[in-house]
Amino acid sequence: MDFLRSDIHDDLVASIDALLTKADSAAVARAWAAGDRAPAAAVVTKLAEIGVFGLMIDEAAGGSGAGAVEMVVAAEELGRHGFPGPLAETLAVAPAALRSAGQHETLERIAAGELVTVAAPPLAPLAADVPAASAVYLLTDGALSTAEAVRTERSVDSTRTVSTVRAVQTVADGVDAGRATDLGALATAAQLLGLGQRMLTLASEYAVARAQFGRPIGSFQAVKHHLADVAIAVEMARPLVYGAAVGADGGAPAGTDVARDISAAKVAAADAANLAARHSLQVFGAIGYTAEHDLSLYLTKTRALIGAWGTPAAHRARILETL
């Protein structure tokens, strides 16, 4: 099973990276947290223009008809930049649910850059970023409904809110909720992978630049070995995430339990990102968790996404049930 990235995937990453670097994704995230979503909206429009939000949408509905692998490539890069908004929901969950429901007009709007959010209990009982979404959905027992927020709370991530929602109007019954929620977990795993890589990069650069006792702190074994552990964890999680994406696209060997592979990918990516958060904070010291330092954006987003679209405990339980 081949799940190495192709030149096309690398070009997609380069395009997203160029857009978000030029926009200063950290500044965009801070503006979003302060209530100003205009900078993010401008970036979303540009991301839509290069096809990011249409990767899981058929060409007939305005997308590219790509697949889960391409979605994971994009989600990882968006995660690496800490971009705010209901990304897993817009990139993966809503396209899968709405396609199953035959809602082609809504899919066209998503491909064009409209952000949407979805709650799908029990795996995802709360809807993320309802105030920023053009549409809110509730997916439960195979029924997809439009929804409205009952109560909204702030997350540990200053760019994120979570809302309890209730159904307003049924859109369709018999929706493939399993695939939609699995793709949400997969997209979140990819974001965590990107966050882990970003925190490792920041900590490694700081370890080279920061000197103590006349030597770069990265030369001390206590620092060097911690960062090596993070690098190993991230690189070990990556093939699990991409392998699960290949399975979600139907490219896995016959008899493969795709849902189990996605759960394994989510657990591995969450563990790697958590390790990256812990050790990068140790490298930076107290400055790392101040609001003024970019690392804090990635630390808090990691903490929020670890439990999004299934906690590690829920996914471990699902793995255990298949053994």
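Because the structure is predicted, anything quoted here is derived from the model rather than measured. (Residues numbered from 1 in each chain as written. Predicted model: local features only at pLDDT ≥ 70, side-chain atom pairs only at ≥ 80, totals over all residues. Heavy atoms only, no water.)

### What to know about the side chain of Glu 77
As a reminder, the rule being used: Secondary structure elements are defined from DSSP: runs of H or I of at least 4 residues count as helices, runs of E of at least 2 residues count as strands, and each element is numbered from the N terminus. For the exposure calls, accessible area comes from a 1.4 Å probe over protein chains only, and a residue counts as buried if that area is under 20% of its type's maximum, exposed if over 50%, partly exposed in between. Contacts are residue-level and defined by heavy atoms, with any inter-residue pair within 4.5 Å sufficient.
Within the element layout of this structure, Glu 77 appears in helix H4 (residues 68-80). What makes Glu 77 buried here is its relative accessible area of 6%. Discounting chain neighbours no more than four positions away, the residues touching Glu 77 are Val 13, Ile 16, Asp 17 and Leu 20.

### Examining the sheet that holds strand E5 (residues 161-172)
Using the following cut-off: Strands are treated as partners if at least two bridges between them are detected by DSSP. Lines fitted to C-alpha atoms define the axes, with helix axes restricted to the stretch in contact, and inter-axis angles between N-to-C directions lie between 0 and 180 degrees.
If you walk across this open sheet you meet the five strands as E1-E3-E4-E5-E2, and the pairing is mixed. In the strand order of this sheet, the two ends are held by strand E1 (116-119) and strand E2 (127-128), each with one partner. Summarising the sheet, strand E4 (residues 143-154) and E5 pair through 10 bridges and their orientation is antiparallel. Counterpart to Leu 144 in the pairing with E5 is Ala 172. This element, helix H5 (residues 87-101), spans E1, E2, strand E3 (135-140), E4 and E5 of the sheet and lies at about 75° to E1.

### Regarding the pairing of E3
With four bridges joining them, E1 and E3 adopt parallel strand pairing. The residue of E3 that forms the bridge with Val 118 is Tyr 137. Sheet topology note: the E3/E4 ladder contains four bridges and is antiparallel. Looking at the pairing, Thr 140 lines up with Ala 143 of E4. In sequence, E3 turns back onto E4 through a hairpin of two residues, with Asp 141 there showing a positive phi of about 55°.

### What about helix H6 (residues 104-111)?
Spacing of three or four residues puts side chains on the same side of an α-helix, whose turn is 3.6 residues. Put simply, the rule reads: The arc in question is traced by the directions running from the helix axis to the C-beta atoms.
Residues Thr 106, Leu 107, Ile 110 and Ala 111 constitute the buried set of H6. For H6, the angular spread of buried residues about the axis comes to 140°, placing them on one side. Gly 113 sits one or two residues past H6 and shows a positive phi near 115°.

### Regarding the packing of helix H8 (residues 221-248) against helix H9 (residues 258-284)
The line we're drawing: For classification purposes, an angle smaller than 35 degrees is called roughly parallel, one larger than 145 roughly antiparallel, one from 65 to 115 roughly perpendicular, and anything else oblique. By convention the crossing between two helices is left-handed if the near helix lies anticlockwise of the far one by an angle smaller than a right angle, and right-handed if it lies clockwise. When residues are sorted by character, Ala, Val, Leu, Ile, Met, Phe, Trp, Tyr, Cys and Pro go into the nonpolar class, Asp, Glu, Lys and Arg into the charged class, and all the rest, Gly among them, into the polar class.
Interhelical geometry of H8 versus H9 gives an angle of 160° and a closest axis separation of 8 Å. Judged on the interaxial angle alone, H9 and H8 are roughly antiparallel. Helix-helix and strand crossings are classified by hand; for H8 and H9 the assignment is left-handed. Looking at side-chain class alone, the contact of H8 with H9 contains 20 nonpolar, four polar and two charged residues.

Nothing here speaks to function; it is all geometry.
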